[in-house]
Structure formats: C-alpha cells, structure tokens
Amino acid sequence: MVAAGLRPVTAWTISDESRLRADLARVRARGYSIDDRENEPEVRCVAAPVFDHTR
C-alpha cells in the first residue's frame, strides 16, 4: 500500500508513511481503530475486533 502511494482523499487523510506507521502503532496499543474523516469529510468510524468466548 505504501509503495503504491498514499493518495489523500480528504484534508484529514494520512498520506505520509511515518504518520501512517505511528497511527498503526496506536491502533495496536489501544485495540481499536478510528477513521477521523480520512475517507469522507463528514464521517468518523470506529473499528474493533469481535472475539468469541475464548477471546
């Protein structure tokens, strides 16, 4: 993905490799991801894994 280029979609799109890697580290640390207007200027999203009873 990085080799293909990180084309910005909105003013908030992460299009810098070092910022992307830092954001991915934060996602791993907290266990969920946030899309803060990166694809749609008026939309924010949260994504988290759903585990079964064994985690």
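A few points on the structure.

**Remarks on the pattern of salt bridges**
Link 1 in the chain: A complete count under the given rule lists four salt bridges for this structure.
Link 2 in the chain: Note that E17 and R21 form a salt bridge whose closest N and O atoms lie 2.9 Å from each other. Here E17 and its partner R21 are both found in helix α1 (residues 17-30), four residues apart, which amounts to about one turn of the helix.
Link 3 in the chain: Put simply, R37 and D36 hold a salt bridge, and the shortest N to O gap is 3.3 Å.
Link 4 in the chain: It is possible to trace a salt-bridge network through shared partners that takes in D36, R37 and R44.

**Let's talk about a nonpolar patch on the surface**
Link 1 in the chain: Taken together, the side chains of Y32, I34 and V46 make up a nonpolar region of the molecular surface, amounting to roughly 270 Å² of accessible area.
Link 2 in the chain: Tracing the chain through its elements places Y32 in the loop between α1 and β1 (33-36).

**What about unusual backbone geometry?**
Link 1 in the chain: In this structure, R37 is a non-glycine residue whose phi angle is positive, near 65°.
Link 2 in the chain: Relative to the assigned elements, R37 resides in the loop between β1 and β2 (44-47).

**Points about the environment of P41**
Link 1 in the chain: Topologically, P41 is positioned in the loop between β1 and β2.
Link 2 in the chain: Put simply, P41 and A11 are 30 residues apart on the chain and 7.9 Å apart in space, counted from C-alpha to C-alpha.
Link 3 in the chain: When residues no more than four places from it in sequence are discounted, the contact partners of P41 are T10 and W12.

Criteria and thresholds
Residues numbered from 1 in each chain as written. Predicted model: local features only at pLDDT ≥ 70, side-chain atom pairs only at ≥ 80, totals over all residues. Heavy atoms only, no water. Salt bridge = Lys/Arg side-chain N within 4 Å of Asp/Glu carboxyl O. Helix = DSSP H or I, 4+ residues; strand = E, 2+ residues; numbered from the N terminus. Patch = residues over 30% accessible without salt bridge, like charges linked within 9 Å, V, L, I, M, F, W, Y side chains within 5 Å. Areas by Shrake-Rupley, 256 points an atom, 1.4 Å probe, with all protein chains shown as cover. Contact = heavy atoms within 4.5 Å.

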